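# Remarks on the overall topology
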Amino acid sequence: MPVGLFRVCLLVITAIVNHPLFFPKENGTVPENTEEIIQKMKEREESLRLEQLRLEQEIADQEATQKALEKAAVVVEESKEEKVRWDMWTALSMVIFLLIELWRQDFQEGNWQDIGGEEDDMAILGKAFKGVAFPDKAVLASFYEKRILGTTGDMARMREMVEGFADDLLEALRSVCNRDADMEVEDCMGVGSMYENWRVRKPFVCDLIVPFEPPEPYCFRCQTWCSGDSSPPDEQGYGTIKVCRADEDVTGCICDKTKLGEDMLCLLHSQVSSARPSSEMEDLLCFKNTQYLDADQVMKWFQIAVTKAWSRISHKYEFDLSFSLLDSPGALKIKFKSGKSIAFNLTPVVQYENSDVYFISHFPRSSLAADIPSSTHWFLTFAVYERRFIQLVSKTLPANACHVSCLQILSFLHGKQCSLTGPSGLTNYHLKTVLLHLLQARPSQDWAPEKLEARLQDMLKFLEKCLHEKKLYHFFIGNGKVPAELGFPIIFQRAEPLNLFRPFVLRRDIYRKMVDTFHEMLRNMSALINEYTVHIPLAHTNGIRKE
């Protein structure tokens, strides 16, 4: 049985192996289309080769594009880093600038006047003093006694005479004015060198200011350069004066600040009250078609009023009165029959709020207001506070202190030099400002009479420093150290310091003339002083020096 099964399996295997479909014969026939197949294979090979070239080109292009993108990314990254570095430097620069600005403001508020204790800085200054023979204490004392001290009595008599006549003239002016339409003048006040006892040059001229107010129901609304928006540099130190009705609230209603339109009406201000006739405002001495007080109109009104007042009282006096300057409202001159004359200035001013700061229209014999922006801009004068400050400080100084003597000597030398070489931009007000700074900076004992020579040198060196830097700050504006006893308005203490030498920065010819005049004054100082000094024995001089 197993043998039979083995045979059957062997037969089946043999049949399968010999099947023609599995192992074709070697001598089978070749198809007739072999060449056609070969041709197609060549074409296929060529197409594959072209496809390979195309793919290689695409890969190369993609690699170039990738490199370009990578390069662009690198450039963008570098630009971002550069921008970040630039922004960092910009921010750093802004921080440095802000720090410098904060330091500058702090310096101006706290230290811009503290020059009294800086002996080293004062020693560095004084380059113009090289080779200059400075008079000693004995020569200065003799000069002061011989040339300046004798003028004090003359000034007192002149002040008394001028004040009495001015009061009489203003009383007559009130009587000739229409109380219902004209401005109302108040009593006059004396200011300046004649009333601070340091004027030395003749002719003596008294400066009197006369406050005035508008008739009822009008009032003045004053606006300074530091009380509103920022003003241009050429308007610093000035202000405007608006003439309003007393019951008019110029700050509470917006009808004057916006255009309401033809079909809208302000319920607080009627059209009749808001649109005043131009003739009415001109009668109130305002600039044409405005409500702002015009300095030129005020000057014309005051000159006419003074002329009428003098015609009423001229029979009481044995002298003539005339205007010495037509471009000043009250530059008057009294002429006696003997030929002598007395000059004085009677200048109308407007009071700022309830303080002793005044808006003044004109500065006679001064270049302080030489470049007024317009006739509606009024310069602010702090003359009353300057006089009070000198009086207040004088109470704390030693007996016979030398502060006034220093200013008198320096004013005399400057005046003499200007008479030789012509006027310059430097004025007596600049010299007084220097003294005010030093009075605040130096202790009281430094102004003892025996220290006249040292303090005079300090004034000259400080003035030289200011000329070199082209900076001489107004004493009151921006000065946070003004004594509280003066009652000085805080708005001006917080204001930006006002540089009195700023006009000379752009006018180099005037600045050059001012510097040259100062240097000439230093060189001629000994000669000018010796001209008015009696001979002092050498032994006496040496004895004083040993003391």
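Quick caveat, the model's predicted, so the values are computed rather than measured.

## Some details on the overall build of the protein
Across its full length, the protein carries 16 helices and 10 strands. Of the contacts made within the protein by residues no fewer than 6 positions apart, 70% connect residues no fewer than 24 positions apart. Total accessible area computed for the protein in this model is approximately 32600 Å², and 56% of it derives from carbon and sulfur atoms.

## Overview of the pattern of salt bridges
One pass over the full model with this rule turns up 17 salt bridges. R174 is the partner of E171 in a salt bridge, and the nearest nitrogen-oxygen pair spans 3.0 Å. Of this pair, E171 and R174 both sit in helix α5 (residues 151-176), 3 residues apart, which is roughly one turn of that helix. With relative accessibility at 47%, the residue E171 sits in the partly exposed group. Between K432 and E196 there is a salt bridge, with the nearest N and O atoms lying 3.2 Å from each other. Taken together, the residues span a long stretch of sequence, with K432 in helix α11 (residues 428-441) and E196 in the loop between β2 (189-191) and β3 (205-213) at a distance of 236 residues. Each of the two residues, K432 as well as E196, counts as buried. Where salt bridges share partners, they join R442, D446, K451, R455 and D458 into one cluster.

## A word on the pairing of strand β5 (residues 238-245)
Extensive coverage of β5 is indicated by the burial of 7 of its 8 residues. Sheet analysis places strand β4 (residues 218-224) next to β5, joined by 7 bridges and oriented antiparallel. Following the sheet pairing, F220 is matched in β5 by V243. Relative to strand β10 (residues 378-381), β5 is paired through 2 bridges, and the arrangement is antiparallel. Within β10, the residue paired with G239 across the bridge is W378.

## Comments concerning a nonpolar patch on the surface
The grouping of M88, W89, L92, I96 and I100 at the surface amounts to a nonpolar patch, some 530 Å² of accessible area in total. By secondary structure assignment, the location of I96 is in helix α2 (residues 34-111). I96 sits in the partly exposed class, given a relative accessible area of 43%.

## A word on the packing of aromatic side chains
One pass over the structure, following the stated rule, counts 27 aromatic pairs. Between the aromatic rings of F382 and F488, the centroid separation amounts to 5.7 Å while the plane-to-plane angle is 45°, which identifies the pairing as tilted. With F382 in the loop between β10 and α9 (383-394) and F488 in the loop between α12 (452-469) and α13 (490-493), this pair connects stretches of sequence that are 106 residues apart. For F382, a relative accessible area of 2% corresponds to the buried category. Under the relative-accessibility criterion, F488 is labelled buried at 8%. Here the aromatic residues W225, Y352, F359, F382, Y385, F389, F475, F476, F488 and F492 are joined through ring pairs into a cluster of three or more. R245 extends its terminal NZ or CZ atom over the ring of Y218, reaching a point 5.7 Å from the ring centre.

## Structural notes on a negative patch on the surface
On the surface, a cluster of negative charge is contributed by D180, E184, E186, E213 and E216. Within the secondary structure, E213 is located in strand β3.

## Details of the pairing of strand β8 (residues 341-351)
With 9 of its 11 residues buried, β8 lies for the most part within the structure. As judged from the 7 bridges shared by β3 and β8, these two strands associate in the parallel manner. When the bridges of β8 are listed, P211 appears paired with V349. Both strand β7 (residues 331-336) and β8 contribute to a ladder of 5 bridges, which runs antiparallel. Paired with I334 across the two strands is I342, which belongs to β8. In the sheet, β8 pairs with strand β9 (residues 358-360) via 3 bridges, with the strands oriented antiparallel.

## What to know about helix α4 (residues 137-148)
Between its first and last C-alpha atoms α4 spans 15 Å; for 12 residues at 1.5 Å apiece the expected length is 16 Å, and the two agree. Considered for burial, the residues of α4 that qualify are A138, V139, L140, S142, F143, Y144 and I148.

## Things to note about the environment of E520
Considering the arrangement of structural elements, one finds E520 in helix α15 (residues 508-531). Put simply, E520 and H414 are 106 residues apart on the chain and 9.7 Å apart in space, counted from C-alpha to C-alpha. Within the structure, the side chain of E520 is placed 2.8 Å from the side chain of R523, a separation counted as a polar contact.

## Description of the environment of P203
For P203, the position within the fold is in the loop between β2 and β3. C-alpha separation for the pair P203 and S341, spaced 138 residues apart in sequence, amounts to 9.1 Å.

## Describing the nonpolar core
L169, L293, F344 and L346 are the most contacted members of the largest nonpolar core, which totals 113 residues. For L169, the contacting residues outside a window of four places in its chain are V306, A309, W310, I313, L321, L332 and L346. Counting residues in hydrophobic clusters, the runner-up holds 9 residues, among them Y238, F379, A383 and V384.

## A few points about unusual backbone geometry
The residue after K202, namely P203, is reached through a cis peptide bond having omega 5°. Geometrically, the link from E216 to P217 is a cis peptide bond, its omega value of 10° lying close to zero. Summarising the element assignment, P217 is placed in the loop between β3 and β4. Phi is positive for N400, which is not a glycine, with a value near 55°.

## Some points on helix α10 (residues 403-421)
Compared with the 27 Å implied by 1.5 Å per residue over 19 residues, the 27 Å span of α10 between its first and last C-alpha is a close match. Summarising burial for α10: 16 of the 19 residues are buried, a large majority. Among the residues trailing α10, G422 stands out with phi positive, at a value near 95°.

## Observations concerning the side chain of N499
When you line up the elements, N499 lands in the loop between α13 and α14 (503-506). Under the relative-accessibility criterion, N499 is labelled buried at 18%. Within the structure, the side chain of N499 is placed 3.1 Å from the backbone nitrogen of F501, a separation counted as a polar contact. Setting aside chain neighbours within four positions, we find N499 in contact with K470, K471, L472 and Y473.

Basis of the calculations
- Residues numbered from 1 in each chain as written.
- Predicted model: local features only at pLDDT ≥ 70, side-chain atom pairs only at ≥ 80, totals over all residues.
- Heavy atoms only, no water.
- Helix = DSSP H or I, 4+ residues; strand = E, 2+ residues; numbered from the N terminus.
- Contact = heavy atoms within 4.5 Å.
- Areas by Shrake-Rupley, 256 points an atom, 1.4 Å probe, with all protein chains shown as cover.
- Salt bridge = Lys/Arg side-chain N within 4 Å of Asp/Glu carboxyl O.
- Buried < 20%, exposed > 50% of the residue type's maximum accessible area, 1.4 Å probe, protein only.
- Pairing = 2+ DSSP bridges.
- Patch = residues over 30% accessible without salt bridge, like charges linked within 9 Å, V, L, I, M, F, W, Y side chains within 5 Å.
- Phe/Tyr/Trp six-rings, centres within 6.5 Å; stacked < 30°, edge-to-face > 60°.
- Lys NZ or Arg CZ within 6 Å of the ring centre and 35° of its normal.
- Lys, Arg positive; Asp, Glu negative; His and termini not counted.
- Charge placed at Lys NZ, Arg CZ, Asp CG, Glu CD.
- Expected span 1.5 Å × (residues − 1).
- Polar contact = N/O pair within 3.5 Å; in protein donor to acceptor, adjacent residues only side chain to side chain.
- Core = buried A, V, L, I, M, F, W, Y, C linked by side-chain atoms within 4.5 Å.

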